[in-house]
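# Summary of structural features
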Amino acid sequence: MDEADLANDRAEQFTADAVLAARAKMDTAPSTGICQACHEGIEPERIQANPTAQLCRDCAAEAEAARKRSQRVGG
Ligand SMILES: [Zn+2]
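Each chain has its residues counted from 1, following the order in which its sequence is written. Residues qualify for local features only when their pLDDT is at least 70, as the model is predicted, and side-chain atom pairs are given and counted only at 80 or more; totals for whole chains, interfaces and linings, by contrast, use all residues. In computing side-chain properties, one takes all heavy atoms of the structure into account and sets aside hydrogens as well as water.

### Some points on the confidence of the model for the chain
Put simply, the rule is: pLDDT: the predictor's confidence for each residue, scored from 0 to 100. Runs of E in the DSSP output that reach at least two residues are strands. Runs of H or I that reach at least four are helices, and both are numbered from the N terminus.
For the chain, mean pLDDT is 83; residues scoring 70 or higher make up 88% of the total. The least confident element of the chain is helix α1 (residues 3-25), whose mean pLDDT is 76; the most confident is helix α2 (residues 44-49), at 93.

### Notes on the coordination of the zinc ion
Applied cut-off: Atoms of type N, O and S within 2.8 Å of a metal are treated as its donors, and for Na, K and Ca the window is 3.2 Å; water is not considered, so some sites may appear to be missing partners. Any coordination sphere not matching a tetrahedral pattern (four donors, all angles between 85 and 135 degrees) or a square planar or octahedral pattern (four or six donors, opposite donors over 155 degrees apart, other angles between 65 and 115) is reported as irregular.
Only C35 (SG), C38 (SG), C56 (SG) and C59 (SG) from the protein reach the zinc ion as donors, at distances of 2.3 to 2.4 Å. Given 4 donor atoms and angles of 106 to 117° at the metal, the environment of the zinc ion is assigned as tetrahedral. If you list the donors of the zinc ion from N- to C-terminus, the spacing comes out as C-x2-C-x17-C-x2-C. Of the two residues, C38 sits in the loop between α1 and α2 while C59 sits in helix α3 (residues 57-74), which places them 21 residues apart along the sequence.

### Considering the side chain of S31
For clarity, the cut-off: Think of it in three bands: with a 1.4 Å probe and only protein chains considered, a residue is buried below 20% of the maximum accessible area for its type, exposed above 50%, and partly exposed in between. Within 3.5 Å is the distance limit for a polar contact, defined as a pair of N or O atoms, with the added protein rule that one can donate a hydrogen and the other accept it, and that residues adjacent in sequence qualify only through two side-chain atoms. Any two residues whose heavy atoms approach within 4.5 Å at even a single point are treated as in contact.
Position of S31 among the secondary structure elements: in the loop between α1 and α2. Looking at S31, the relative accessible area reads 18%, which means it is buried. Within the structure, S31 has its side chain in polar contact with the backbone oxygen of A53 (distance 2.6 Å). Not counting chain neighbours up to four residues away, the residues in contact with S31 comprise I42, I47, P51, T52, A53 and Q54.

Here's what the structure looks like:
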């Protein structure tokens, strides 16, 4: 384990926390057009398809992966 690995672990945890927090707000608030995890703009067509989208496509995919991971860990 070197410095880069540690940094990657922290970055991954931060992202997972952010996307899970964003996910908790999903379906309750209209999209701001800004991804709540990476603060990039959410794709306009994504917002058209899902007006409450809180995450960009990449982070939504990460959120889904994090959800599956947490389900597996939680049993
Ligand atoms: Zn994002």
